[in-house]
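Notes for the structure review
This is what each chain is made of:
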Amino acid sequence: MSLRSYLIIMILTTLMCWVAFGVVVWTVNPEVTNWVGFLLFYLSLFLAIVGTAAIIGFVIRFIGLRREMVLNSVKTAFRQSFFFAFFIVAILFLLERDLFSWFNAGLLIVGLSVAEFFLLSYKKREAKNEVKNC
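Please read all numbers here as calculations on a predicted model, not as lab measurements.

A short note on the overall build of the protein
The number of helices and strands found in the protein is four helices and zero strands. A globule of 134 residues ought to have a C-alpha radius of gyration of about 14 Å, yet the protein, at 18 Å, is considerably larger. Dimensions along the principal axes, computed over C-alpha positions, put the protein at roughly 60 × 35 × 25 Å. Counting the 134 residues in the protein, one finds 28% classified as buried. Intrachain contacts of the protein at a sequence separation of at least 6 include 64% that bridge at least 24 residues. Summing over all exposed atoms, the protein offers an accessible surface of approximately 9,700 Å²; the carbon and sulfur share of this is 74%.

Next up, the structure:
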């Protein structure tokens, strides 16, 4: 898949996710809905934020870090957009349940940072093992 086709597909699917989120917001009444309405709300918001953040993150990396391979930029942008979207949706979920506190937000940030550092170290360890095996 070329970079151009990837960007076109990502932009179109992200727009569809934002439209789906808009439809959910306009049609689901949070006062009378069951768990399915909330699931649709959080899922459509999550997917829309992942797509938007992945596109923005890739564009920033592509312009700012030209020395990095395009595939690595796409992977990094998508991984970090997943964490960012999870953070936003988790904060909204905590707010909905009246469980939000700055301590909980800090724990969420620390947990996501640990996950990111784990994935980075795992990737570096795999790269070293590939070099050893060659």
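Moving on, there is more to tell.
Section: the environment of Val28
Relative to the helices and strands, Val28 resides in the loop between helix 1 (3-27) and helix 2 (35-64). Overall, the relative accessible area of 24% leaves Val28 in the partly exposed class. The contacts of Val28, once residues within four sequence positions are left out, are Thr33 and Gly37.

Details of the side chain of Ser44
Tracing the sequence through the fold places Ser44 in helix 2. Residue classification places Ser44 among the buried positions, given a relative accessible area of 9%. A distance of 3.1 Å separates a polar atom in the side chain of Ser44 from the backbone oxygen of Phe41. Apart from residues no more than four positions distant in its own chain, Ser44 is found in contact with Cys17, Ala20, Phe21 and Val24.

Quick notes on the nonpolar core
Counting eight residues, the largest nonpolar core consists of Phe21, Tyr42, Leu45, Phe46, Ile49, Val50, Ala85 and Val89. Put simply, the parts of the chain that give this core at least two residues each are helix 2 and helix 3 (70-96). Val89 has contacts with Tyr42, Leu45 and Phe46, leaving out every residue within four places of it along the chain. Met10, Ala54, Val74 and Ala77 belong to the second largest nonpolar core, which has seven residues in total.

Conventions adopted
Every chain is numbered independently, its residues counted from 1 as its sequence is written. Totals for whole chains, interfaces and linings use every residue, but because this is a predicted model, local features are given only for residues with pLDDT of at least 70 and side-chain atom pairs only at 80 or more, for both listing and counting. Calculation of side-chain values draws on the structure's entire complement of heavy atoms; hydrogens and water are dropped beforehand. Helical segments are the DSSP runs of H or I of at least four residues, strand segments are the runs of E of at least two, and each set is numbered from the N terminus. Here the globule rule reads 2.2 Å times residues to the power 0.38, and the radius of gyration is calculated from C-alpha atoms. Whether a residue is buried, partly exposed or exposed follows from its accessible area with a 1.4 Å probe, protein chains only, as a fraction of its type maximum: under 20%, in between, or over 50%, in that order. Here, residues are in contact when the closest pair of their heavy atoms is within 4.5 Å. The Shrake-Rupley method, run with a 1.4 Å probe, gives the accessible areas here. Residue values count only the displayed protein chains as cover. We define a polar contact as two N or O atoms separated by no more than 3.5 Å, with the added condition that, inside protein, one atom must be a possible hydrogen donor and the other a possible acceptor, whereas residues neighbouring each other in sequence contribute only through side-chain atom pairs. For our purposes a nonpolar core is just a set of buried Ala, Val, Leu, Ile, Met, Phe, Trp, Tyr and Cys residues, chained together by side-chain atoms within 4.5 Å.

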